[in-house]
Amino acid sequence: MLPWDGARGEESLENAADRIARDALGVAPAWLEQVGAFGNARRHPAETDLSIAYVGLVPVDAPEPGGGEEAWFALSDLPVLPPRHKQVIDAAFELTRSRLDYVPIAFRLLPPTFTLSDLQSIYEIILGRRLHKASFRRALHAAWLVEPTDEWRTEQRGRPAQLFRFAPRRRRANRRGVRFELLAG
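About the cut-offs
- Residues numbered from 1 in each chain as written.
- Predicted model: local features only at pLDDT ≥ 70, side-chain atom pairs only at ≥ 80, totals over all residues.
- Heavy atoms only, no water.
- 1 Å grid on protein atoms, 1.4 Å probe; cavity = no way out; pocket = protein on both sides within 12 Å on 5 of 7 lines; lining within 4 Å.
- Points joined across faces, edges and corners; volume = space filled by probe spheres on them.
- Helix = DSSP H or I, 4+ residues; strand = E, 2+ residues; numbered from the N terminus.
- Nonpolar A, V, L, I, M, F, W, Y, C, P; charged D, E, K, R; others polar.
- Phe/Tyr/Trp six-rings, centres within 6.5 Å; stacked < 30°, edge-to-face > 60°.
- Buried < 20%, exposed > 50% of the residue type's maximum accessible area, 1.4 Å probe, protein only.
- Contact = heavy atoms within 4.5 Å.
- Core = buried A, V, L, I, M, F, W, Y, C linked by side-chain atoms within 4.5 Å.
- Salt bridge = Lys/Arg side-chain N within 4 Å of Asp/Glu carboxyl O.
- Expected span 1.5 Å × (residues − 1).
- Arc of directions from axis to C-beta.

1. Topic: the layout of surface pockets
1) Next: In this structure, the second largest pocket encloses a volume near 260 Å³.
2) Next: Around the second largest pocket, the lining residues are Thr-115, Leu-116, Ser-117, Lys-133, Arg-137, Trp-152, Glu-155, Arg-159, Pro-160, Ala-161, Gln-162 and Phe-164.
3) Next: Secondary structure elements with two or more residues in the lining of the second largest pocket: helix H4 (116–127), helix H5 (133–142) and strand E4 (161–166).
4) Next: When its residues are assigned to classes, the lining of the second largest pocket shows five nonpolar, three polar and four charged.

Okay, structure coming up:
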């Protein structure tokens, strides 16, 4: 089941969600957002009438949760969950995907400097699809989201990869979201 608890005392919902995530994961989420309220006939295991759900993301290299029964699961390999928890996961996944064009979620999951391949990999994980490399890079530059550093990282093979950082430039009037071409299959 998903980690859960109620707000304590004067604790806000967001602070409660952050505390619950920290307790379960051992680290603070890099991004946390409310998914919604769930209160239909799909009962919570604790028999509560209403659940307020939050989604939190941690970097790919975050340590395994420890100290309890917590574990990471691929979305395709989730164990059987209570119906409301399954509904929350589906909604959290859709919310994350929908925010990807407008919120710098992927950049919060990377170190301060990264390769464009690292960034593309994060987008592909969240989207669940492969992206066209050239289109991805054009879209990043057109959206003014990254800037190159003077640093390079040697990969296993091939030429060194330039490191970039998240550095959205202030633009006038229209701000463009990031749109990518997906590869088939």
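2. Let's talk about the packing of aromatic side chains
1) Next: For the coordinates displayed, the defined rule picks out three aromatic pairs.
2) Next: On the numbers, 5.8 Å between centres and 55 degrees between planes, the contact of Phe-107 with Phe-114 is tilted.
3) Next: Ring plane angle 65 degrees and centroid distance 5.5 Å describe the contact between Tyr-123 and Phe-136, whose orientation is recorded as edge-to-face. Here the residue Tyr-123 occupies a position in helix H4, and Phe-136 occupies one in helix H5, the gap between them amounting to 13 residues. One exposure class covers both Tyr-123 and Phe-136, and it is buried.
4) Next: Pairwise contacts between aromatic rings join Phe-107, Phe-114 and Phe-166 into one cluster.

3. A look at the environment of Phe-107
1) Next: Within the element layout of this structure, Phe-107 appears in helix H3 (residues 105–108).
2) Next: Here Phe-107 falls in the buried class, since its relative accessible area comes to 8%.
3) Next: With 15 residues separating them along the chain, Phe-107 and Ile-122 place their C-alpha atoms 8.6 Å apart.
4) Next: Here Phe-107 is in contact with Phe-114, Leu-119, Tyr-123, Leu-140, Leu-145, Val-146 and Phe-166, once residues within four sequence places are set aside.

4. Remarks on the nonpolar core
1) Next: If you look at the biggest cluster of nonpolar residues, it comprises 29 residues, and the most contacted ones within it are Phe-107, Leu-119, Tyr-123, Leu-140 and Val-146.
2) Next: Secondary-structure elements contributing two or more residues to this core are strand E1 (31–38), strand E2 (51–57), helix H2 (83–99), H3, H4 and H5.
3) Next: The element that contributes the greatest number of residues to this core is H4, accounting for six residues.

5. Focus on the pattern of salt bridges
1) Next: A full pass over the atoms with the stated rule returns eight salt bridges.
2) Next: A salt bridge links Glu-11 to Arg-19, with the shortest nitrogen-to-oxygen separation between them at 2.9 Å.
3) Next: Measuring nitrogen to oxygen at the nearest pair gives 2.7 Å for the salt bridge that ties Glu-33 to Arg-99. In this pair, Glu-33 is assigned in strand E1 and Arg-99 in helix H2, connecting sequence segments 66 residues apart.
4) Next: By sharing partners, the salt bridges in this structure join Asp-5, Arg-8, Glu-11 and Arg-19 into a single network.

6. Here we look at unusual backbone geometry
1) Next: Residue Trp-144 is not a glycine yet carries a positive backbone phi of 60 degrees.
2) Next: Following the sequence through the fold, Trp-144 ends up in the loop between H5 and strand E3 (146–153).

7. Focus on H2
1) Next: With 17 residues, H2 ought to run about 24 Å at 1.5 Å a step, and its terminal C-alpha atoms sit 24 Å apart, in line with that.
2) Next: Those residues of H2 that fall on the buried side of the exposure criterion are Arg-84, His-85, Val-88, Ile-89, Ala-92, Leu-95 and Thr-96. Across the axial projection of H2, the buried residues extend over an arc of 140 degrees, all falling on one side.
3) Next: Against E1, E2, H3 and H4 lie the buried residues of H2.

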